[in-house]
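So the chains spell out like this:
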Amino acid sequence: MIATAIGGLLARQWYEDPGPDSPDPVVPTDLTVPLEEQPGSDVVQGTADATVHPLYEPLREVLQTHFDAINQLDYESWASTVTEPRVEEKPEETWRRDYRSTKDGRIVIYRIQLAEDSETARVLMTFTSVQDEADAPPELQAPCIHWNVVFPMVRSSGEWKIDSGPAASSPQHEACA
């Protein structure tokens, strides 16, 4: 279902006229990055659909800090990007073990959907991770994985944080080709 949604959003990008005041769309062009060059750039980018959303920049900043923290093994910075329940689910020792060899890149926000309450949002995105096979998820022991995820976001004390919940618990992923 997520792959179909991403495909539809990609097609929409090609046919939609974003208008003269819209930011330049980012179209992922490195879809055939050789395995030895994965995970690719660690800069969080957005498609035309994402960049026109009023929450794009604040959410992109949270996600940039989040992925930088993973890539730099900085638990405190990571913890600042997620809700307290997520911190409790991943204490520092567990987090360090789970991410010890992980590097993330090719991070693209495809869509942002704000809920009616304006305090929660969902971010449809993709990224690539490289890691030792032993550190990969048990269901996909691969050194390079492409992820399609929906990150639930919540405003907490005036700041956006990555939340946990059903949307975040079933990402789609596949080994890099």
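Residues numbered from 1 in each chain as written. Predicted model: local features only at pLDDT ≥ 70, side-chain atom pairs only at ≥ 80, totals over all residues. Heavy atoms only, no water.

(A) How the structure looks around the overall build of the chain. Summing up its helical and strand segments, the chain has seven helices and six strands in all. What you see in the chain, going N to C, is helices and strands ordered as α-β-α-α-α-α-α-β-β-β-β-α-β. Out of the 177 residues belonging to the chain, those deemed buried represent 45%. In the chain, of all internal contacts separated by at least 6 residues, the share reaching a separation of at least 24 is 60%. Accessible surface, the chain as shown: approximately 9600 Å² in total, 51% of it carbon and sulfur. (Helix = DSSP H or I, 4+ residues; strand = E, 2+ residues; numbered from the N terminus. Buried < 20%, exposed > 50% of the residue type's maximum accessible area, 1.4 Å probe, protein only. Contact = heavy atoms within 4.5 Å. Areas by Shrake-Rupley, 256 points an atom, 1.4 Å probe, with all protein chains shown as cover.)

(B) Quick peek at the state of the cysteines. Under the definition given, this model contains one disulfide. Covalently, Cys144 is tied to Cys176 through a disulfide, its sulfur atoms 2.0 Å apart. Its S-S torsion of approximately -65° makes the covalent link between Cys144 and Cys176 left-handed. Taken as a pair, Cys144 in strand 4 (residues 144–156) and Cys176 in the segment after strand 6 (172–175) lie far apart in primary sequence, 32 residues in all. The class of Cys176 is buried, set by a relative accessible area of 13%. (Disulfide = S-S within 2.5 Å.)

(C) Up close: the packing of aromatic side chains. Taken as a whole, this structure holds seven aromatic pairs when the rule is applied. Relative to Trp95, the ring of Trp78 has its centre 5.7 Å away and its plane inclined at 40°; by these criteria the two rings are tilted. You can see Trp78 sitting in helix 4 (residues 75–79) and its partner Trp95 sitting in helix 6 (residues 92–99), a full 17 residues away along the chain. On the basis of relative accessible area, Trp78 is assigned to the buried category, the value being 1%. Relative to Trp147, the ring of Phe127 has its centre 5.9 Å away and its plane inclined at 10°; by these criteria the two rings are stacked. Of the two residues, Phe127 is situated in strand 3 (residues 120–130) and Trp147 in strand 4; the sequence distance between them amounts to 20 residues. Here Phe127 falls in the buried class, since its relative accessible area comes to 10%. (Phe/Tyr/Trp six-rings, centres within 6.5 Å; stacked < 30°, edge-to-face > 60°.)

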